[in-house]
Amino acid sequence: MTEMLIFWAFAIVSVGCAVNLVIQRHPINGAISLIGVMGSLAVLYLQLGAEFIAAVQVIVYAGAIMVLFVFVIMLLNAEAEQRTGRSAVVRLIGFPSLAALLLLVGMLIRRLAPAPESVRFGDFMGGTAENIGRSLFTGYLLPFEVTSALILVAIIGAIVLAHKEID
Amino acid sequence: MHSVPLSWYLILSAVLFGLGVAGFLLRRNIITVFMCIELMLNAVNLSFVAFSYQLKQIDGHLYAFFVMVVAAAEAAVGLAIILTVFKNRATLQIDEVDSMKG
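What counts, and where the lines are drawn
- Residues numbered from 1 in each chain as written.
- Chains lettered and ligands numbered in written order.
- Predicted model: local features only at pLDDT ≥ 70, side-chain atom pairs only at ≥ 80, totals over all residues.
- Contact = placed C-beta atoms within 7 Å.
- Helix = DSSP H or I, 4+ residues; strand = E, 2+ residues; numbered from the N terminus.
- Nonpolar A, V, L, I, M, F, W, Y, C, P; charged D, E, K, R; others polar.
- Domains from an automatic or database assignment.
- Expected span 1.5 Å × (residues − 1).
- Buried ≥ 20, exposed ≤ 12 C-beta atoms within 10 Å, placed from the backbone.
- pLDDT = per-residue confidence, 0-100.
- Core = buried A, V, L, I, M, F, W, Y, C linked by C-beta atoms within 7 Å.
- Axes fitted to C-alpha atoms, helices over the stretch in contact; angles between N-to-C directions.
- Parallel < 35°, antiparallel > 145°, perpendicular 65-115°, else oblique.

**Details of the interface of chain A and chain B**
How big an interface is tends to be reported as the loss of accessible area on association of its parts.
Part 1 of the reasoning: Taken together, the 68 residues of chain A in the interface contact 57 residues of chain B.
Part 2 of the reasoning: Those elements that place two or more of their residues in the side of chain A that touches chain B are helix 1 (2-23), helix 2 (27-47), helix 3 (51-76), helix 4 (88-112), strand 1 (118-119), helix 5 (129-137) and helix 6 (141-162) of chain A.
Part 3 of the reasoning: Sorting elements by how many residues they give to the side of chain A that touches chain B places helix 3 of chain A first, with 12 residues.
Part 4 of the reasoning: Class assignment of the residues belonging to the side of chain A that touches chain B gives a composition of 50 nonpolar, 13 polar and five charged.

Okay, here's the thing in structure tokens:
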């Protein structure tokens, strides 16, 4: 019962925040909504036994990445976006077709996913930092090292793109 | 029914991904479009973790971890590109960045 309550509460919060991200015109409102989505997803990860991923979600995503976003929004003094004329086709069939697509995907998932499988808190608690670290440094050593090279390239790219030219 | 069916997590993931696609197509502000990409990555992470729970294996968590690392690198480079676009064109509306339009 508690699992069901937690799932519904945070699923509704995350979908509500995501809808708010899509409909808001000002990027700072969107950024705050996205932090809400990430926080509630962290709780759902915790329910699925992924405590390390939940912690990283809060620290890296909701912390570092969103701070970067908010920093850029403030730095560029971003304003609410202007309205542009949308075509009548988009206005008429856009949202109905999106709803139909989601309904179809939901039905497919209900049909294909194994029905008796259900989530109870504590069934699988393998996602501890110890287990993640062990397989990160044994089975997934090569991708982990490639990731460090990727981050180095990203740092250099960000510096090259954003540095101020001194004349 | 005392526990949550696993497919609900996948449906929630699909809904969040669909909302991310909708925002990517609807919004005109370059920063909001970028945030919608982050939303899609988060939705995919949720299904990785859900499948990892179903298979009682840790590999899904590692994939989610790598997605987060790539998202962090992507955010750094993407925001640097946004800064450069703003410096050169003084706008954040993607409709106005159309010099490659034929």
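Having seen it, we continue.
**Considering the domain arrangement of chain A**
Part 1 of the reasoning: As far as domains go, chain A holds domain 1 (2-127) and domain 2 (129-167).
Part 2 of the reasoning: Measuring from the centre of the C-alpha atoms in domain 1 of chain A to the corresponding centre in domain 2 of chain A gives 25 Å.

**Details of helix 3 (residues 59-89) of chain B**
Part 1 of the reasoning: Relative to the 45 Å expected for 31 residues at 1.5 Å per residue, helix 3 of chain B spans 44 Å between its end C-alpha atoms, a close match to the ideal helical length.
Part 2 of the reasoning: Here helix 3 of chain B has its buried residues at Gly60(B), His61(B), Leu62(B), Ala64(B), Phe65(B), Met68(B), Ala75(B), Ala76(B), Gly78(B), Leu79(B) and Ile82(B).
Part 3 of the reasoning: Packed against the buried residues of helix 3 of chain B are helix 3, helix 5 and helix 6 of chain A together with helix 2 (30-55) of chain B.
Part 4 of the reasoning: Trailing helix 3 of chain B by a residue or two, Ala90(B) shows a phi angle of about 55 degrees, which is positive.

**Overview of the confidence of the model for chain A**
Part 1 of the reasoning: In this model, chain A carries a mean pLDDT of 85, and residues with pLDDT of at least 70 account for 90%.
Part 2 of the reasoning: Across chain A, element-level confidence peaks in helix 2 of chain A with a mean pLDDT of 92 and bottoms out in strand 1 of chain A with 68.

**Considerations on unusual backbone geometry**
Residue and element names in this part refer to chain B.
Part 1 of the reasoning: With a phi angle near 55 degrees, Lys 56 is a residue other than glycine that sits in the positive phi range.
Part 2 of the reasoning: Look at Ala 90: it is not a glycine, yet its phi comes out positive at around 55 degrees.
Part 3 of the reasoning: On the secondary structure map, Ala 90 appears in the segment after helix 3.
Part 4 of the reasoning: Its 9 C-beta neighbours within 10 Å are what place Ala 90 among the exposed residues.

**Observations regarding the nonpolar core**
Part 1 of the reasoning: Tyr45(A), Ile53(A), Ile31(B), Met35(B), Leu39(B) and Val49(B) are the most contacted members of the largest nonpolar core, which has 65 residues in total.
Part 2 of the reasoning: Of the residues forming this core, the biggest block, 13 residues, is contributed by helix 2 of chain B.
Part 3 of the reasoning: With sequence-adjacent residues up to four places away left out, Met35(B) is seen in contact with Leu21(A), Gly30(A), Ala31(A), Leu34(A) and Phe69(A).

**Considering the packing of helix 1 of chain A against helix 1 (residues 6-26) of chain B**
Part 1 of the reasoning: Running from N to C, helix 1 of chain A and helix 1 of chain B point in directions that differ by 10 degrees, and their axes come no closer than 9 Å. Looking at the two axes, helix 1 of chain A sits roughly parallel to helix 1 of chain B. Facing helix 1 of chain A, whose interface residues are Phe7(A), Ala11(A), Ser14(A), Val15(A), Ala18(A), Val19(A), Leu21(A) and Val22(A), helix 1 of chain B presents Trp8(B), Leu12(B), Val15(B), Leu16(B), Leu19(B), Ala22(B), Gly23(B) and Leu26(B).
Part 2 of the reasoning: In terms of residue class, the contact of helix 1 of chain A with helix 1 of chain B is built from 14 nonpolar, two polar and no charged.

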